[in-house]
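Given next are the chains, with one letter for each unit.
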Amino acid sequence: MTAQIPAHKKAKGLPRGSVRPAKALCSDCGLCDTHFIHYVKEACAFLNQQFDKLETKVHGRKRDLDQEQEMYFGVHQKMVAARKTEPIEGAQWTGIVSSLACKMLEEKLVEGVVCVQSSPDDRFQPMPIIATTPEEILAARVNKPTLSPNLTILEQIEQGEFKKLLVIGVGCQIQALRAVQDKLGLEKLYVLGLPCVDNVTRAGLQKFLDTTSRSPETVVYYEFMQDFKVHFKHEDGSTETVPFFGLKTNQLKDVFAPSCMSCFDYTNGLADLVVGYMGAPFGWQWMVVRNETGQEMFDLVADQIETQPVSSKGDRRAAVQNSIPAYDKGVTLPMWAAKLMGIVIEKIGPKGLEYAKFSIDSHFTRNYLYTRRNYPGKLEAHVPEFAKKIVAQYELPKD
Ligand code: FAD
Ligand code: SF4
């Protein structure tokens, strides 16, 4: 008897650079580079919003919208602030992600780890790989702050006959992965999610660096941090900070990718374990265990990290409401006023989980307006119920 060839194997991925099915909204997640494009209508995060279905598939239930914590952060069993007792040099924060990936490989829980190295001639150009050694994982540490086609590795999973895999990725990549995971022939899939917002193409990144940093060509790392400043690290080891309120919003309005302007999966709701920073005090990382698999992953690094309970302070609502028209009109403050505002807001502004909610509220209201104006026909189906409820707390411009 001949084995049945799966339908997707007859399809052919698109060449790089060609228009994808989601057109301008494509986040270049990589799925359409492979024969898994066969499933694009169902799997693409921008063509088919299916949080309820996929949360139920992955976590056994959808998020409970009557609990504010779940409405914001998704299905979870626990959240903590954490940092490595011995941080990894050159990691984005303290290197919890890379450490966990190395440990899973060393313990033979997985045979490969999907992660993102830099292309050899450009540190900010992402190069997704399936790492099979700790050295390859460590070479992928630190964010490549640009859209990364992580799912281009889907065909390699089949060819390499991987059975146990860890995938590290951002929300849009993980949504598409979850939709096709049953077709990959895996025995076990672990998903380590990163929160993600305001991503850019490589050209968009250059514009952001050119308009924001004093020395764009020497930037090796940047992060929007909980102290309401963008922190840049330069090749010579120096740090430069720019207050959020001093960003040249008028010039940066179009810099973010349309996919990211219409995304509502900031906290990576379909991962097993999420590692970010947004719900933690300054200098700490934020870990969200979503299900049993996530707890198994958390336990593997428990002896390498110190933890503290998550906390929450302040009230974000007035700041979010005030930021809606300011962002909409592209208001840019003079640098002295931006610095002053930064100092005040850092002292009295939202902290911990309240900061995370501030960031979610600001981005969801902005993205809701963007989707309503640019894709009115998609609005109802594309915006998930939890995001509609979050946005409904605010007064939006009428147009
Ligand atoms: P490291 O040990 O340095 O490992 C970093 C990992 O990121 C590597 O495994 C690498 O494979 C992966 N990676 C790098 N670039 C990409 C990419 N473009 N796409 C997918 N994976 C990638 N956290 C927040 O709390 N709030 C945010 O707004 C936020 N935005 C982010 C935006 C982007 C584009 C990315 C990639 C991450 C973002 N994060 C955000 C997550 C955060 O910045 C850290 O990556 C996370 O806390 C892990 O830190 P670490 O030191 O443990 O990671
Ligand atoms: Fe294809 Fe991914 Fe782009 Fe959607 S986001 S069109 S699945 S490459």
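Anything mentioned here points back to the structure above.
Residues numbered from 1 in each chain as written. Chains lettered and ligands numbered in written order. Predicted model: local features only at pLDDT ≥ 70, side-chain atom pairs only at ≥ 80, totals over all residues. Heavy atoms only, no water.

### With respect to the sheet that holds strand β1 (residues 78–84)
As summarised here, the arrangement of the 8 strands in space is β3-β2-β4-β5-β9-β10-β1-β11, forming an open sheet in which the pairing is mixed. Each edge of the sheet is formed by a strand with only one pairing partner; in this case those strands are β3 (122–131) and β11 (305–309). The mean inter-strand angle of the sheet, taken between neighbouring strand axes irrespective of direction, is 30°. Taken strand by strand, helix α7 (residues 171–180) contacts β4 (164–169) and β5 (188–193), and its axis lies near 145° from that of β4. (Pairing = 2+ DSSP bridges. Helix = DSSP H or I, 4+ residues; strand = E, 2+ residues; numbered from the N terminus. Axes fitted to C-alpha atoms, helices over the stretch in contact; angles between N-to-C directions. Contact = heavy atoms within 4.5 Å.)

### Focus on the side chain of Ser-148
Following the sequence through the fold, Ser-148 ends up in the loop between α5 (134–138) and α6 (154–159). Ser-148 sits in the buried class, given a relative accessible area of 8%. A polar side-chain atom of Ser-148 sits 2.6 Å from a polar atom in the side chain of Asn-150. In contact with Ser-148, other than residues within four places in its own chain, are Asp-28, Cys-29, Val-116, Pro-126, Pro-128 and Gln-173. (Buried < 20%, exposed > 50% of the residue type's maximum accessible area, 1.4 Å probe, protein only. Polar contact = N/O pair within 3.5 Å; in protein donor to acceptor, adjacent residues only side chain to side chain.)

### Observations concerning the sheet that holds strand β7 (residues 229–234)
Taking strand neighbours across the sheet as the criterion, the 3 strands line up as β6-β7-β8 in an open arrangement whose pairing is antiparallel. For this open sheet the edge positions go to β6 (219–224) and β8 (239–243), each flanked by a neighbour on one side alone. Across this sheet, the average inter-strand angle for adjacent strands is 20°, counted without regard to direction. In the sheet, β7 pairs with β8 via 5 bridges, with the strands oriented antiparallel. Bridge pairing links Lys-229 to Pro-243 in β8. Along the sheet, helix α8 (residues 202–212) makes contact with β6, β7 and β8, crossing β6 at roughly 85°.

### Focus: unusual backbone geometry
With a phi close to 60°, Lys-108 is a non-glycine residue in the positive phi region. Topologically, Lys-108 is positioned in the loop between α4 (96–106) and β2 (112–119). In this structure, Phe-228 takes a positive phi of about 65° despite not being glycine. Along the chain, Phe-228 turns up in the loop between β6 and β7. On the accessibility criterion, Phe-228 (2% relative accessible area) is buried.

### Side note on the site of ligand 1
Residues in close proximity to ligand 1 total 33 residues, the closest being Trp-93, Ser-98, Val-142, Lys-144 and Glu-223. A distance of 2.9 Å is found between an oxygen atom of ligand 1 and a backbone nitrogen or oxygen belonging to Gly-95. Within the backbone of Val-275, one N or O atom sits 3.5 Å away from an oxygen atom of ligand 1. Contact with the protein chains hides 97% of the accessible area of ligand 1, taken as 920 Å² for the molecule alone. Listed by contribution, the elements that provide at least two residues to the shell around ligand 1 are α4, β2 and β9 (273–276). The element best represented in the shell around ligand 1 is α4, accounting for 3 residues. (Near = heavy atom within 4 Å. Areas by Shrake-Rupley, 256 points an atom, 1.4 Å probe, with all protein chains shown as cover.)

### Some details on the side chain of Ser-262
Note on placement: Ser-262 falls in the loop between α10 (258–261) and β9. Contact partners of Ser-262, with chain neighbours within four places excluded, come to Leu-25, Phe-46, Asn-367, Tyr-370, Thr-371 and His-382.

### A look at the pairing of β6
Pairing between β6 and β7: 5 bridges, direction antiparallel. Considered in β7, the bridge of Val-219 is made with His-234. Hairpin connection, β6 to β7: the antiparallel pair is bridged by 4 residues, and Phe-228 has positive phi, about 65°.

### Focus on the pattern of salt bridges
Inspection of every chain in the model, using the stated rule, returns 24 salt bridges. Asp-33 is paired through a salt bridge with Arg-16; the nearest N and O atoms lie 2.4 Å apart. One end of the pair, Asp-33, is in the segment before α1 (40–43); the other, Arg-16, is in the segment before α1, with 17 residues separating them in the sequence. Take Asp-33: its relative accessible area is 17%, and that puts it in the buried class. The partner of Asp-361 in a salt bridge is Arg-316, with the nearest N and O atoms 2.6 Å apart. (Salt bridge = Lys/Arg side-chain N within 4 Å of Asp/Glu carboxyl O.)

### Notes on the packing of α4 against helix α11 (residues 292–301)
One way to put it is that α4 packs onto α11 with a least axis distance of 9 Å and a crossing angle of 95°. Taken as axis vectors, α4 and α11 run roughly perpendicular relative to one another. Contact residues: Ser-99, Leu-100, Lys-103 and Met-104 in α4; Met-297, Leu-300 and Val-301 in α11. (Parallel < 35°, antiparallel > 145°, perpendicular 65-115°, else oblique.)

### Concerning the nonpolar core
Leu-31, Leu-154, Ile-157, Leu-177 and Phe-364 are the most contacted members of the largest nonpolar core, which has 87 residues in total. Sort the elements by how many residues they give to this core and helix α14 (residues 353–374) lands first, with 9 residues. Excluding residues within four positions of it along the chain, Leu-177 makes contact with Leu-151, Leu-154, Val-167, Leu-184, Leu-189 and Val-191. The next biggest cluster of nonpolar side chains, apart from the first, holds 29 residues, and it includes Ile-168, Tyr-190, Met-297 and Phe-298. (Core = buried A, V, L, I, M, F, W, Y, C linked by side-chain atoms within 4.5 Å.)

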